[in-house]
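Spelled out from the first residue to the last, the chains are:
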Amino acid sequence: MQESARIILGIDPGLANTGWGVLLQRGSRLSCQAYGCISTSKDLPLERRLRKIYEQMSAVVARYQPQCVGIETVWFGSNVQSAFATGQARGAALVACASREVAVSEFAPSQIKLAVVGAGSAEKEQVQYMVKQLLGLGVVPSPDHAADALAAAICFATHDFASYRGRGRS
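Here the structure is a predicted model, which is why all the values come from computation and not from measurement. (Residues numbered from 1 in each chain as written. Predicted model: local features only at pLDDT ≥ 70, side-chain atom pairs only at ≥ 80, totals over all residues. Heavy atoms only, no water.)

This part covers the pattern of salt bridges. Under the criterion given, the structure shown has 4 salt bridges. A salt bridge links Asp144 to Lys124; the shortest N-O distance between them is 3.9 Å. Here Lys124 lies in helix α4 (residues 124–135) and Asp144 lies in helix α5 (residues 144–158), a separation of 20 residues in the sequence. By relative accessible area, which is 27% here, Asp144 ends up partly exposed. Under the relative-accessibility criterion, Lys124 is labelled partly exposed at 35%. Its salt-bridge partner being Lys124, residue Asp148 comes within 2.5 Å of it at the nearest N-O pair. (Salt bridge = Lys/Arg side-chain N within 4 Å of Asp/Glu carboxyl O. Helix = DSSP H or I, 4+ residues; strand = E, 2+ residues; numbered from the N terminus. Buried < 20%, exposed > 50% of the residue type's maximum accessible area, 1.4 Å probe, protein only.)

Listed below in structure tokens is the structure:
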């Protein structure tokens, strides 16, 4: 019997830097296929920054054809303006996924940390180290936004998403 496989895209949204990571899951085994970061300059108008995120994320989705996406939710800390900017970048990435009818699940930063490190209050360096270990990589994925995106994909893989069968592309 052939083991089923799926491609999972993880996204760490941000207006300045949107990280992305692609995993192949075969049963309980995960392997890293690719990762990167979409960066936008603060000198560009907002609409051009969002268009760049949308276009480049669309290219990632078209190239790797994920069946599902794990994306980090927006954390509303003391900097509300930063949270709104992140939310707009997140929206651009989500539209890129929706245009290909890819099933999306959202995770709070603490859920991602819990899935990868085992502690919802883990430090960023602990998450990066565990991403490297869990995926058998020679180095910590860089930049850190890409490592965070891979962590979101790992989080997706560790949850039971039977309800996603039949969603997304047919």
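What follows concerns the pairing of strand β3 (residues 29–39). Two strands pair when backbone bridges link them, and strand β2 (residues 17–26) and β3 are joined in this way by 10 bridges, in the antiparallel orientation. Within β3, the position partnered with Val22 by the bridge is Ala34. (Pairing = 2+ DSSP bridges.)

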